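# Observations on the three-dimensional arrangement
Chain by chain, the residues run as shown.
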Amino acid sequence: MTSPPIALIQGFKKANALLNVTLQQIIHPEAALHVHYWGFMPQHFDNTEHKHSFFEACYVLDGTGSYIEGDTEHPLEAGALFLSRPGIPHQIRSRDGLALCYVAFELLSPQRERSGATAVKGPADVASGPGGSDAFRGALSRLAAEGICVLPGGSLAAQPAVMLWHSLLSWFQPGRSEAGVPPLLLQSTALSLLLALIQGHSPPKPQQPSPPGPAEEGGMLMRQAELFIKDNLGEALSLERVAGYLHITPRHLTRSFRKFRQQSFVHYVQEQRVQRAKQLLLHTELQIKEISALCGFESVHYFTRIFTIKLGVSPARFRRSQFTEGRFDSRDRASAPFSPKAEDSNLPSSGNDSP
């Protein structure tokens, strides 16, 4: 590689200065890591064979070289990630120099910090200590024993960590002030980067989650439909409009409501409008005409008819009596099991396709 640009060197210096002071520990309820050091080197040449008592994950920004572990030499090029595992001898070689970003980490272990132990540890004892959940400690133990040492540039496994390295480095571009870096965002990016490195270098799991089946897909579709309806109750909500939003046919949406909610689309929308109206009647001083409009009813007369059918009492009387859920449970009628004949005969039409 040619001599690194001044801007890259300045950015690396800023990153070194800030990250090694502010990101020595990264703690999350599921994962707690001690970071020994962050490193950013514009040109890294050959080094001698050595080993660490921790993980050291490196990212090649530019240049070519090789990473040697045991008797195997792995080529390195821009975009590659390589990982040194605890207790494993390794070496880096580059004739023209590598522009590297790297981070050294292990499980956060108060016992080790108090003892000050520096002995080189092998895969068997890497996951001991209170460094997070059992699953996370297990993942670190598996990484130490079976981790993939080199991920070629452009590989799918490398992409998340590569993007997060660049996200982290973007805060240290020339012209940015260290004081302008939000600490929480910096910590979150660093945690995401470390997790992506752990995931990327881990061997594939024997079983991958199966794609969602028809029932799961239908459940997700219904949740989207319900959210859209609840967020747009003040507007016209025809079957065609909601189906169009979900990119499905009206017939598909009709079948979905009957299958997953045991009620029709019209019944569900009117139920949600009445529930919203009930809350506004109880907790605001809005006029009934205003509430009718906010809940998507075309007229006060139509609102009164639907409300009375659902709750057995007119909106005005409901407000005067200050019915509460404890004294009058609207769900007794509003959420009754779907009955096509009863519903078709009891629910008046508003004169168009909208509920």
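Here, every reference points to the structure presented above.
Report on the accompanying structure. (Residues numbered from 1 in each chain as written. Predicted model: local features only at pLDDT ≥ 70, side-chain atom pairs only at ≥ 80, totals over all residues. Heavy atoms only, no water.)

### Let's talk about the sheet that holds strand 9 (residues 150-151)
One open sheet accounts for six strands, arranged 1-2-8-3-6-9; its pairing is antiparallel. Looking at strand neighbours, the two that pair on one side only are strand 1 (25-28) and strand 9, the edges of this open sheet. Bridge count between strand 6 (residues 81-84) and strand 9: two bridges; the pairing is antiparallel. Across the sheet, residue Phe 82 finds its bridge partner in strand 9, namely Val 150. Seen against the sheet, helix 3 (residues 134-146) touches strand 2 (31-44), strand 3 (55-62), strand 6 and strand 8 (98-107) and runs at an angle of roughly 130 degrees to strand 8. Sheet contacts for helix 5 (residues 183-201): strand 1, strand 2, strand 3, strand 6, strand 8 and strand 9; angle to strand 2, the most-contacted strand, approximately 85 degrees. (Pairing = 2+ DSSP bridges. Helix = DSSP H or I, 4+ residues; strand = E, 2+ residues; numbered from the N terminus. Contact = heavy atoms within 4.5 Å. Axes fitted to C-alpha atoms, helices over the stretch in contact; angles between N-to-C directions.)

### What about the pattern of salt bridges?
Any two side chains of opposite charge can pair, so long as their charged atoms come close to each other. On inspection of all chains with the given rule, the structure shows five salt bridges. A salt bridge links Asp 134 to Arg 137; its shortest N-O distance comes to 2.2 Å. Placement of the pair is Asp 134 and Arg 137 together in helix 3, with a separation of three residues, close to one helical turn. For Asp 134, a relative accessible area of 60% corresponds to the exposed category. When the shortest N-O distance is used, the salt bridge between Glu 226 and Arg 261 registers 2.3 Å. Of this pair, Glu 226 sits in helix 6 (residues 214-231) while Arg 261 sits in the loop between helix 8 (250-260) and helix 9 (265-283); the two residues are 35 residues apart in sequence, bridging distant segments of the chain. On the basis of relative accessibility, which here comes to 27%, the residue Arg 261 falls in the partly exposed class. (Salt bridge = Lys/Arg side-chain N within 4 Å of Asp/Glu carboxyl O. Buried < 20%, exposed > 50% of the residue type's maximum accessible area, 1.4 Å probe, protein only.)

### Here we look at the nonpolar core
Core analysis: the biggest nonpolar cluster contains 43 residues, and Trp 38 and Trp 165 have the highest contact counts within it. For this core, the secondary-structure elements that each account for two or more residues are helix 1 (6-22), strand 2, strand 3, strand 6, strand 8, helix 3, helix 4 (159-169) and helix 5. If you look at the next biggest cluster of nonpolar residues, it comprises 17 residues, including Val 242, Ile 248, Phe 257 and Tyr 268. (Core = buried A, V, L, I, M, F, W, Y, C linked by side-chain atoms within 4.5 Å.)

### Re the packing of aromatic side chains
Counting across every chain of the model gives 14 aromatic pairs. Measuring from ring centre to ring centre gives 5.7 Å for Phe 12 and Phe 40, while their planes differ by 45 degrees; the resulting arrangement is tilted. Residue Phe 12 is located in helix 1, and its partner Phe 40 is located in strand 2; the two are separated by 28 residues in the primary sequence. An identical accessibility class is assigned to Phe 12 and Phe 40; each is buried. Between Tyr 67 and Phe 82, the aromatic rings sit 5.1 Å apart at their centres with planes inclined by 40 degrees, giving tilted as the arrangement. Placement of Tyr 67 in strand 4 (residues 65-69) and of Phe 82 in strand 6 is noted, with a sequence separation of 15 residues between them. Residue Phe 82 is classed as buried on the basis of its relative accessible area, which comes to 0%. In textbook terms, an aromatic cluster arises when at least three aromatic residues are bridged by ring pairs, as seen for Phe 297, Tyr 302, Phe 303, Phe 307 and Phe 318. (Phe/Tyr/Trp six-rings, centres within 6.5 Å; stacked < 30°, edge-to-face > 60°.)

### Brief notes about the packing of helix 4 against helix 5
If you want to describe how two helices pack, look at the angle between their axes and the distance between the axes. As a packed pair, helix 4 and helix 5 sit with axes 9 Å apart at the nearest point and diverge in direction by 155 degrees. Classified by the angle between their axes, helix 4 and helix 5 sit roughly antiparallel to one another. Once helix 4 is placed against helix 5, the crossing between them reads as left-handed. Residue-level inspection shows Pro 160, Ala 161, Leu 164, Trp 165, Ser 167 and Leu 168 of helix 4 in contact with helix 5, the latter providing Leu 186, Thr 189, Ser 192, Leu 193, Ala 196 and Leu 197. The residue inventory of the contact of helix 4 with helix 5, partitioned by class, reads nine nonpolar, three polar and no charged. (Parallel < 35°, antiparallel > 145°, perpendicular 65-115°, else oblique. Left-handed = near helix turned anticlockwise from the far one by under 90°. Nonpolar A, V, L, I, M, F, W, Y, C, P; charged D, E, K, R; others polar.)

Spatial relationships are all this shows, so hold off on functional conclusions.
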